[in-house]
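Descriptive analysis of the structure
What follows is each chain in one-letter form.
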Amino acid sequence: MQNQTINTKIIDGKQLADNLRAEIAEGVCRIKNEKGLTPGLAVILVGDNPASVSYVTAKERACREAGMFSREIRLAAETTESEVVRLINELNGDSAIHGILVQLPLPKHISEKSVINAIAPEKDVDGFTPVNVGRMMIGEDCYLPCTPHGIIKLIEFSGMDIRGKHAVVIGRSNIVGKPVAALLSRRETNATVTLCHTGTPDVARFTREADIVVVAAGHPGTLTGDMLKKGAVVIDVGVNRIPDATRPKGFRLVGDADFESCQGVAGAITPVPGGVGPMTITMLLWNTLESARRAANA
Ligand code: GUN
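Notes on the structure in this doc start here. Note that the structure is predicted; figures quoted are calculated from it, not measured.

When its secondary structure is counted, the chain shows ten helices and eleven strands. Whereas a compact globule of 298 residues would reach a radius of gyration of roughly 19 Å, the chain reaches 19 Å, a difference of no more than 12%. Taking all 298 residues of the chain together, the buried fraction comes to 49%. Expressed as a percentage of contacts within the chain between residues at least 6 apart in sequence, the contacts between residues at least 24 apart total 70%. In the form shown here, the chain has an accessible surface area of approximately 14200 Å², with 51% of it arising from carbon and sulfur atoms. Looking at the chain, you have 33 positive and 33 negative side-chain charges, and the mean spots of the two groups are 2 Å apart.

Our next topic: helix 7 (residues 177–184). Owing to its 3.6 residues per turn, the α-helix aligns residues three or four sequence positions apart on the same side. A large share of helix 7 lies buried, amounting to seven of its eight residues. Buried within helix 7 we find Gly 177, Pro 179, Val 180, Ala 181, Ala 182, Leu 183 and Leu 184. Taken together, the buried residues of helix 7 touch helix 5 (130–137), helix 6 (146–157), strand 5 (166–170), strand 6 (192–196) and strand 7 (212–215).

A few words on the pairing of strand 4 (residues 99–102). Along strand 4, one buried face is formed by Gly 99 and Leu 101 and the opposite face, lined by Ile 100 and Val 102, is buried too. When strand 2 (residues 40–46) meets strand 4, the two strands line up parallel, connected through four bridges. Looking across to strand 4, one finds that Ile 44 is bridged to Val 102.

Turning to the environment of Gly 255, a few remarks are in order. Looking at the element boundaries, Gly 255 is found in the loop between strand 10 (251–254) and helix 9 (259–262). On a C-alpha basis, the gap between Gly 255 and Thr 200 in space is 20 Å, while along the polypeptide they are 55 residues apart. Excluding its chain neighbours within four sequence positions, the residues that come into contact with Gly 255 are Pro 220, Gly 221, Asp 236, Gly 238, Asn 240 and Val 272.

Within the secondary structure, Thr 282 is located in helix 10 (residues 276–297). Under the relative-accessibility criterion, Thr 282 is labelled buried at 0%. When residues no more than four places from it in sequence are discounted, the contact partners of Thr 282 are Ala 17, Leu 20, Arg 21 and Ile 24.

Each value, and the rule that gives it
- Throughout this document, residue positions are counted from 1 along each chain, in the order its sequence is written.
- Where totals are concerned, whole chains, interfaces and linings use all residues; where local detail is concerned, this predicted model gives features only for residues with pLDDT of at least 70, and gives and counts side-chain atom pairs only at 80 or more.
- Neither water nor hydrogens contribute to the side-chain values; these are computed over all heavy atoms in the structure.
- Every helix listed is a DSSP run of H or I at least four residues long, and every strand listed is a run of E at least two residues long, numbered separately from the N terminus.
- Here the radius of gyration uses the C-alpha set of atoms, whereas the globule reference equals 2.2 Å times the residue count to the power 0.38.
- Note on exposure labels: buried denotes an accessible area under 20% of the residue type's maximum, exposed denotes more than 50%, and partly exposed covers the range between, all computed with a 1.4 Å probe on protein chains only.
- Only heavy atoms matter for contacts: two residues are in contact if any of them lie within 4.5 Å across the pair.
- For every accessible area listed, the method is Shrake-Rupley and the probe measures 1.4 Å; residues are considered covered only by the protein chains on display.
- When charges are counted, Lys and Arg are positive and Asp and Glu negative, with His and the chain ends excluded.
- Just so you know, the charge point we use is NZ for Lys, CZ for Arg, CG for Asp and CD for Glu.
- By this definition, two strands are paired if DSSP reports at least two bridges between them.

This is the structure in structure tokens:
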């Protein structure tokens, strides 16, 4: 009985993203018709990191598909920090732009902190500025960071009621680990949260007790089926390129969880690709529409 496998549900992030994007597109139509305003997102990419190029391309496409204006700014890897900051200052004052996104990571000679700090908090649709992070931590109205917000939506979409559950987050990045731990423990979601990281000696000791595991470590195979409690919901944030000569691009994408061994143990799991990724983009559109609404009502 103990070793019996269960039917693991695949959490279809693309489906959930499509549902929400249809709602967002309706909101865009409404604000265009009622206020004569087109929500606009500026996407800045410095350099040509292949993964970043593919992320920003997907963000720009999603923005246009939702009926928004997308201003795409590609800068050479040698661009200086002050040039990027100057551009952000210009966008801060541009009334056609409601959201500013600077794709991370930036080239090493540019301080991410200085660049993020330059974004006006009311246009910070990534939720990365210290003002928005602080507001999130104290429960004030703010733009929630896109991937963590999308993760909460995915857990709810899986059918799990988060309240009272034990959630284990693996990874303490500023973009995912730390904010998702904060969101899961807010009064609305009310989970008990354990945050594991590279200093945690025995991660499995915690994950075996978890109803929800969010893995955002950046390494394939970080989470395996033997580390899970039966029925746990697994949210896999990892996007790792594995060389694969049988694929046209010469690689395939895998998450941080070992999908095969989690099958039959997890109650539900997000696939990679098609899980968290589409939701990150969707929550970015959501925040951009919200910013445009605020500008229209200001
Ligand atoms: N790099 C990896 N994830 C993200 C994200 O959500 N936003 C930005 N701006 N950069 C990223």
